[in-house]
Amino acid sequence: MKITGVESFLIGIPYEHGAPKSALATSDGRLTQDAVYIRVATDAGITGWGEAFGFGGCLMSHLAMKRVIAPLAIGCDPRDIPALMTDLYRRTQGMSRNGPVGFALSGLDIALWDIAGKIAGKPIHALLGGARRQTIQSYASLLRIGAPDMVAKVCNIARARGYQHIKLHERTTEAVAAARAALGPDIGVMLDTNCTWDIARALEMCAQLRPYNLAWLEEPIFPPDDFAGLARLRRDGGIPIAAGENLGNTMDLQHAISLGAFDIAQPDLAKMGGITEMWKALDIARRANVRLEPHSPLFGPALIATLHVLAATPEDTLCEFYFADLEHTPVGPLGTPRDGMFTVPSGPGLGVDIDEALLARYRIE
Ligand SMILES: [Mg+2]
C-alpha cells in the first residue's frame, strides 16, 4: 500500500463563547477558530484524517505540511507507522523537534492511525488495547476573557451545561475570585496563565491564589521550558503545577519529569508526535508517578484522537474542551461534550466522518 496524496486544509470557523472575542487564535486577526486538517489518500482507496496544531500559527503548520512533509510522505507505505514516523523525524531532524514541522508530522501520524483502524475495521482505541470506558469526562477550558464579571458569567454557562471542572485562561486574582464566587466550593477550578510571570512574581501570585483552592496552576512562568523554575514553584508555591503543552517530543517530557517540573504533565498529541508519541508519553508519566492530563484545545481529528487514547489508557483522565460554540464542526457530534461528557467513538479508525462540504465552506487555503 502506498500514500498517494497528502492534502492540508487551513480552515477558520466562526464561534461564540459568551464573551467578547480576541483575535489571538487566528493567523491574521480574523475572529474564528482556526485549524489545520490533514487528509491522507492511499492507493487502496482508504483515506485517513489528521490535524496539526496551529492556533495563531496555523498558516505555518499548513505550509510545513504542504511543502515539507507531504512531499516526503507521498509514495511511502502507511502501514508500519513507527517505521515511517521514525524515518520522517530523522529526515527532518533539524526542524521537527518542536514547532510547525513537528506539528505537521503529528497530524500525519493521526491520519496514519485513522488508516490503520480502517484497514483493521476497528476503532483506534482497539488498536491500543481496547476501550476501558465509553465516556470521558471533559473540562470546560474557557477562552481568555479578562473582566471578572464576564468570567463569572461564562463560568455559570459552563456549569449549567454540566461541567464539574472549569479552567480559566486568566492572569488576575480578581478573575479567579469571581469564578470561585460564581461556582461555589464544589466545582474544580484550574488556572492557566500561558507563561506570564517570572518566578518571584509567580510565588507572590501563588500566595494570593491559594485561598481559591485551584486544582492546578498551569504554565505560570516564562519560558515554558524553565523546568527547574517549575520545580521550585512546586516546592514553594503550595498549588499543584501543570505544564507541558509546549513540549515538542518525548525526550523533553522525560527531561522535564526528571527535573521534577510537573505535578500534572500536559503534552499535546497534535504537537508532540501524534498518537504514537502520546502513547509513549503516558507510559513515561506513569513510570514517574506523574499525572498526565493532555492538552487538547482543538475541535477536529486531534481532539477525536485524544479521546481514543484516553479511552484506552488505564488512568481516568479529563479531556480538555475549548469552551466555544462553533458554527459547525466537520467532525460531527462526537466532537462536542454533552453534560460535560464526551462519548468514545466506536467506528473504524477515528470513528468520525469528516464533513468535506464544511471543510470547503470554511477553508482559507
Ligand atoms: Mg495551557
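Computed from a predicted structure; not experimentally measured.

## Comments concerning the overall build of the protein chain
On a plain count of helices and strands, the protein chain comes out with 12 helices and 13 strands. Taking 21 Å as the expected radius of gyration for a compact globule of 365 residues, we find that the protein chain reaches 20 Å, a close match to that expectation. Counting only C-alpha atoms, the protein chain reaches 60 × 40 × 40 Å along its principal axes. Taken across its 365 residues, the protein chain has 50% of its residues classed as buried. Long-range contacts, defined as pairs at least 24 residues apart, comprise 72% of the intrachain contacts of the protein chain with a sequence gap of at least 6.

## Topic: the packing of helix H5 (residues 148–160) against helix H6 (residues 173–183)
Here H5 crosses H6 at 35 degrees, and the two axes come no closer than 8 Å. Considering the relative orientation of H5 and H6, their crossing is right-handed. Note on element contacts: H6 touches H5 through Glu 174, Ala 175, Ala 178, Ala 179, Ala 181, Ala 182 and Leu 183, opposite Pro 148, Asp 149, Val 151, Ala 152, Cys 155, Asn 156 and Arg 159. Grouping the constituent residues of the contact of H5 with H6 by class yields 10 nonpolar, one polar and three charged.

## Regarding the environment of Cys 195
Mapped onto the elements of the fold, Cys 195 is located in the loop between strand E6 (188–192) and helix H7 (199–209). The spatial distance from the C-alpha of Cys 195 to the C-alpha of Glu 219 is 4.9 Å, given a sequence separation of 24 residues. Residues contacting Cys 195, with those up to four places away along its chain left out, are Glu 219, Ile 221, Phe 222, Pro 223 and Pro 224.

## What to know about the domain arrangement of the protein chain
Once the domains are mapped, the protein chain shows domain 1 (3–121) and domain 2 (126–343). Each of domain 1 and domain 2 has a C-alpha centre, and the two are 22 Å apart. Between domain 1 and domain 2, the residue contacts involve 33 residues of the former and 31 residues of the latter. Among the elements that line the side of domain 1 that touches domain 2, the one with the most residues is helix H3 (residues 100–120), at 11 residues.

## Looking at H5
Along its 13 residues, H5 runs 18 Å from first to last C-alpha, staying within 8% of the 18 Å computed at 1.5 Å per residue. For H5, the complete set of buried residues consists of Val 151, Val 154, Cys 155 and Ala 158. Buried residues along H5 cover an arc of 110 degrees about the axis, so they all sit on one side. Exposed side of H5, more than 90 degrees from the buried face: Asp 149 and Ala 160 are the residues found there.

## Looking at the sheet that holds strand E3 (residues 47–52)
Pairing between sheet strands relies on hydrogen bonds along the backbone, with the strands arranged either parallel or antiparallel. If you trace the four strands from one edge of the open sheet to the other, you get E3-E2-E1-E12, paired in antiparallel fashion. Each of the sheet's edge strands pairs with one partner strand only, and the pair in question is E3 and strand E12 (325–326). The strands that helix H1 (residues 58–73) touches are strand E1 (3–16), strand E2 (32–42) and E3; relative to E1, the one it contacts most, it runs at about 170 degrees.

## So, the nonpolar core
Counting 113 residues, the largest nonpolar core has Ile 38, Phe 262 and Ala 305 as its most contacted members. At 11 residues, H3 tops the list of elements feeding residues into this core. Summarising the domain contributions, this core has at least three residues from each of domain 1 (3–121) and domain 2 (126–343). What Ala 305 contacts, discounting residues up to four positions off in sequence, is Ile 110, Trp 113, Ile 124, Leu 269, Ile 275 and Leu 350.

## Section: unusual backbone geometry
Cis geometry is found at the peptide bond from Phe 222 to Pro 223, where omega equals 0 degrees. Inspection of the secondary structure assignment puts Pro 223 in the loop between strand E7 (216–218) and helix H8 (227–236). The backbone phi angle of Phe 55 is positive, close to 50 degrees, even though this residue is not glycine. With respect to the helices, strands and loops of the structure, Phe 55 is situated in the loop between E3 and H1.

## Thoughts on the pairing of E3
Counted residue by residue, E3 has five buried out of six residues, so it is predominantly covered. In this sheet, E3 lies alongside E2 in antiparallel orientation, the contact comprising six bridges. Residue pairing for E3: Ile 38 is matched across the bridge by Gly 50. Counting the residues that bridge the hairpin from E2 to E3 gives four residues, and of these Gly 45 lies at a positive phi of roughly 85 degrees.

## Observations regarding the environment of Ala 302
Positionally, Ala 302 belongs in helix H11 (residues 301–312). The class of Ala 302 is buried, set by 32 C-beta atoms lying within 10 Å. For the pair Ala 302 and Ile 110, spaced 192 residues apart in sequence, the C-alpha to C-alpha distance is 7.1 Å. When near neighbours in sequence (up to four residues on either side) are disregarded, Ala 302 contacts Glu 51, Ile 110, Leu 269, Ala 270 and Ser 296.

What counts, and at which threshold
Residues numbered from 1 in each chain as written. Predicted model: local features only at pLDDT ≥ 70, side-chain atom pairs only at ≥ 80, totals over all residues. Helix = DSSP H or I, 4+ residues; strand = E, 2+ residues; numbered from the N terminus. Rg over C-alpha atoms; globule rule 2.2 N^0.38 Å. Buried ≥ 20, exposed ≤ 12 C-beta atoms within 10 Å, placed from the backbone. Contact = placed C-beta atoms within 7 Å. Axes fitted to C-alpha atoms, helices over the stretch in contact; angles between N-to-C directions. Left-handed = near helix turned anticlockwise from the far one by under 90°. Nonpolar A, V, L, I, M, F, W, Y, C, P; charged D, E, K, R; others polar. Domains from an automatic or database assignment. Expected span 1.5 Å × (residues − 1). Arc of directions from axis to C-beta. Pairing = 2+ DSSP bridges. Core = buried A, V, L, I, M, F, W, Y, C linked by C-beta atoms within 7 Å.

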